[in-house]
Amino acid sequence: MQALEGRVAIITGAAGGQGRAEAAAFAAAGATVVATDLSDDLVAQFADAGSEIVGLKHDVTREDDWQRVVGVCLERWGRIDILVNNAGIYRPAPLLETDAASYDLHMNVNARSVFLGMRAVAPAMMEARSGTIINIASGAGAKGTVGIFAYSTSKWAVRGMTRSAARELAPFNIRVNAVLPGLIDTPMVSAREGREAFIGKVPLGRIGHADEVARLVLFLASETHSYITGAEIPVDGGYSA
Ligand SMILES: NC(=O)c1ccc[n+]([C@@H]2O[C@H](COP(=O)([O-])OP(=O)(O)OC[C@H]3O[C@@H](n4cnc5c(N)ncnc54)[C@H](O)[C@@H]3O)[C@@H](O)[C@H]2O)c1
């Protein structure tokens, strides 16, 4: 039996680098994947990906979109086993160049969405007394940073809510964990300033690949790892070491 056979997983931001790799890894492990992203155009690519990946338009900042996505899952499959809060934005700027609109946008897309998502799926998971949530934070949310003030702040918030949710939902056998990627080769950072200098500080000496993050997310989603909750696991080539 495959690791995620019979499971239904929602993955947000699934048209991006890491989300796409996670959707493919989950489908290969036997899950039915609801791959969501901002627009019809972005999710259209999943139409050919086989019946195990279903693309849905979904703005993670909108409560009504979360209700719709959860409604589709419960109506079609009667369950939600896994949520991967992966969608995110990255607009680097230091503190003094961060205007309130950019700050709010980062908090909205990267952090508030995680709260909305966990709150939207939790009732079905609580009823089933089973579920697992993986929140994609960042190594940038584990230390003070220079030049990415709002992004870093939003990822610190993701770690905080992961820990609180892990404690609150543990009595219902729902596990909540955070993944902290380092520099991963996706469209988000393809033009990142200082990319080569950053790679020079990575002990493994290279940028990470989206499928390396996907394998960690898959690990956390699998019930084989049923005693791991409230954890924050870096996947960063040793950068945080
Ligand atoms: N790439 C890195 O180096 C890196 C490092 C640490 C953490 N992360 C985090 O990993 C996650 C995945 O990022 P990625 O590297 O795959 O980037 P990406 O830009 O390739 O993918 C992000 C996806 O999120 C989607 N998205 C943005 N706003 C959205 C919204 N409001 N609603 C729904 N979807 C929305 C985008 O359309 C895109 O498909 C993000 O949370 C990011 O912050 C990335």
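Residues numbered from 1 in each chain as written. Predicted model: local features only at pLDDT ≥ 70, side-chain atom pairs only at ≥ 80, totals over all residues. Heavy atoms only, no water.

1. Re the site of the ligand
How we decide: We call a residue near a molecule or strand as soon as one heavy atom of that residue lies within 4 Å of the molecule or strand. Here a polar contact is taken to be a pair of N or O atoms separated by no more than 3.5 Å, where protein atoms must pair a possible hydrogen donor with a possible acceptor and residues adjacent in sequence count only if both atoms sit in side chains. Each accessible area value is a Shrake-Rupley result obtained with a 1.4 Å probe; residue values ignore everything except the protein chains displayed when judging cover. Under the convention adopted here, Pro, Cys and the residues Ala, Val, Leu, Ile, Met, Phe, Trp and Tyr are nonpolar, Asp, Glu, Lys and Arg are charged, and Gly plus all remaining residues are polar.
Contacts to the ligand come from 30 residues, most closely from Asp37, Asn86, Tyr151, Ile184 and Thr186. Between Asp59 and the ligand, the recorded distance is 3.0 Å, taken from a side-chain N or O atom to a nitrogen atom. Contacts to the ligand include Lys155, whose side-chain N or O atom sits 2.9 Å from an oxygen atom. Taken by itself the ligand offers 830 Å² of open surface, and the protein chains cover 91% of this. Grouping the amino acids of the shell around the ligand by side-chain chemistry returns 16 nonpolar, 11 polar and three charged.

2. Things to note about the packing of aromatic side chains
For clarity, the cut-off: What counts as a ring pair is set by centres within 6.5 Å for rings of Phe, Tyr and Trp (its six-membered ring), and what kind of pair is set by the plane angle: stacked under 30 degrees, edge-to-face over 60, tilted for all other angles. To sit over a ring, a charge needs its Lys NZ or Arg CZ within 6 Å of the ring centre and within 35 degrees of the ring normal.
Applying the stated criterion across every chain, the model contains two aromatic pairs. Here the basic side chain of Arg159 rests over the ring of Trp156, its NZ or CZ set 4.8 Å away from the ring centre.

3. Brief notes about the pairing of strand E6 (residues 174–181)
For the record, the criterion: Remark: exposure states derive from per-residue accessible area (1.4 Å probe, protein chains only) relative to the maximum for the residue type, with buried under 20%, exposed over 50%, and partly exposed in between. Helix numbering and strand numbering both begin at the N terminus, where a helix is a DSSP run of H or I of at least 4 residues and a strand a DSSP run of E of at least 2. At least two DSSP bridges between two strands are required for those strands to pair.
Burial within E6 is extensive, with eight of its eight residues counted as buried. Along E6, one buried face is formed by Ile174, Val176, Ala178 and Leu180 and the opposite face, lined by Arg175, Asn177, Val179 and Pro181, is buried too. For strand E5 (residues 131–136) and E6, the ladder comprises six bridges, and the chain directions are parallel. Bridge pairing links Thr132 to Arg175 in E6. Both E6 and strand E7 (residues 232–235) contribute to a ladder of four bridges, which runs parallel. Looking across to E7, one finds that Ala178 is bridged to Glu232.

It is worth stressing that arrangement in space is one thing and function is another; only the former is reported here.
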